[in-house]
Structures are given as structure tokens and as C-alpha cells.
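# A structural walkthrough
Residue-level listing of the chains:
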Amino acid sequence: MDTVVDYFTEKETYSEINRIATRIFSVYPFNNGSLALKQMIKNYASTNNVQVKILYIPLKDNQLWGLFYQLDGIYFIVINSEISLNKQVVALAHEFYHLYSAVEENMVPLDILADNVKTLNIEDKKANAFAACFLMPEHILKSMLKKPNTLEEKIVLIKIVMDVFMVPFKTAVIRLMEIEYLSKDEGLEIELTNAGGSDTVMSALISKSADIGLMGPESCVYVRNNGMKNAPKIFAQLTACDG
């Protein structure tokens, strides 16, 4: 899916986007979450003497993440409140890049961010790259995480990034590839299947048709209490955050 500036093939463009994100983050640092990001965007607008309104509207189309446009001299960022919180955070950071481009680079103040678009124009690809660099600064990632070695460590690392920075799976994976904590060459192939219940998940693990299961702990406790040798191990706990 051609939706982001490719760190591996478009390094010059990516480096420029990363410099912009790093510079803005150094001037307008913020804690994780949509509320902190929303306030930071308002601070940016105030500093640059522009008006911006950020609206959260429930849109029935879950493929539509956000909008950015200008009307009567006011910039509007619209976020679909029906999508998960982590997607809202990414959408807000994406549209913030378009605000930056409109204010500082005189770009056309118009954007529609939709999940079902397979190939984006260059400005939207830049906005996606900016969102990742801005929400997950490289120096912060490297200061708090160590490179994974095993498949389990890679999956746990991805989940930690998703939880701490409130970003979706794909955004976390791409960002970890960009900072070379995951390798594009070796890949990380994950086939996700909805088993429809913890009993089915456990059956898949026992039969070795699945390597990792996402479920409650009760099935693991049950098979272990019934004397199963080499029972599946619980190695990660998912948090209560949305997404």
C-alpha cells in the first residue's frame, strides 16, 4: 500500500519530514494523547496568528478518518469520533501537517484522510510520515526501548509502542522499521485470524496451527491445572486502551 513516504527508497524526502517533525516537537513538546495534541496544535496556531478549530464529529463512514480545510480565513480540522482513539491521534497529527503546510509553505488548505485509499498523493504521504515522526520521536523511542531479537520480543515491542504512543499496529510497525528496530528485509509476517473465543484460540495453540493467541488467561490456567506439559505461556498483557 503506497501510503507513506518510504524511508528506504525516498530518504531525502523522509529526512526533510523528520527534520520538520523534530523541530516542531522541540518547540511544542506534548504528552501522548489526543487532548494534549489538540492543545499543542492550538498553541501552534496562536503563535502563528492563525485561527484553527478542531472538531470531533461522529461520521458513519469508518474509513474516513479526518478532514482539513479553510473557510472564511479559519482553518478547520475535523476528526471522525467514531474511529478508535489511536486512529484519531494519528489523524490529528496527519491533519496538523496539512495545517503546517498551509501556514508555512502556502499549500492548498484541503485534505481528506480515508483508510480505503490505496495510493496517496505526495502531500498525504508526507503527512503520514510526519505523523509517525512527530508522535514517536526517534530519540524517545531509542531511549526507552531496546532492539528485539526473537519473534516474541518483536511482537511485545510493537504492542508497547502501540500502547505508549497510542498508535495503530501498522503505524507502530512502520515507525520501528524506520528507526531500524525491525528489519524490512527479514520482515514480520503476521496472519491475524478471529477464532471466536478463547477455547478455539487455545485449541489452535495446542495443535500448533497458531503461534500466539490473544485471549483471556483463563484457558491457559485451565490447561495447566489439568496437567498439560509444555502448556502455553502468558508472556504479555494487553492494556485497557482503545485500539
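It should be noted that the structure appears before, not after, this text.
All values reported here derive from a predicted model rather than from experimental measurement.

## Overview of helix 2 (residues 34–47)
Relative to the 20 Å expected for 14 residues at 1.5 Å per residue, helix 2 spans 20 Å between its end C-alpha atoms, a close match to the ideal helical length. Those residues of helix 2 that sit buried are Ser34, Leu37, Met40, Ile41, Tyr44 and Ala45. Seen along its axis, helix 2 keeps its buried residues to an arc of 140°; they face one direction. Counted as exposed and oriented over 90 degrees from the buried face of helix 2: Leu35, Ser46 and Thr47. Against strand 1 (51–57), strand 3 (74–80), helix 3 (85–104) and helix 4 (122–135) lie the buried residues of helix 2. Downstream of helix 2 by one or two residues, asparagine 49 has phi in the positive range, about 55°.

## A short note on the pattern of salt bridges
By the definition in use, this model includes six salt bridges. With a shortest N-O distance of 3.8 Å, arginine 23 and glutamate 104 are connected by a salt bridge. Taken as a pair, arginine 23 in helix 1 (residues 11–27) and glutamate 104 in helix 3 lie far apart in primary sequence, 81 residues in all. Classification of glutamate 104 as partly exposed rests on a relative accessible area of 35%. Its salt-bridge partner being glutamate 123, residue lysine 126 comes within 3.5 Å of it at the nearest N-O pair.

Parameters at a glance
- Residues numbered from 1 in each chain as written.
- Predicted model: local features only at pLDDT ≥ 70, side-chain atom pairs only at ≥ 80, totals over all residues.
- Heavy atoms only, no water.
- Helix = DSSP H or I, 4+ residues; strand = E, 2+ residues; numbered from the N terminus.
- Expected span 1.5 Å × (residues − 1).
- Buried < 20%, exposed > 50% of the residue type's maximum accessible area, 1.4 Å probe, protein only.
- Arc of directions from axis to C-beta.
- Contact = heavy atoms within 4.5 Å.
- Salt bridge = Lys/Arg side-chain N within 4 Å of Asp/Glu carboxyl O.

Just geometry here; none of it tells us what the structure is for.
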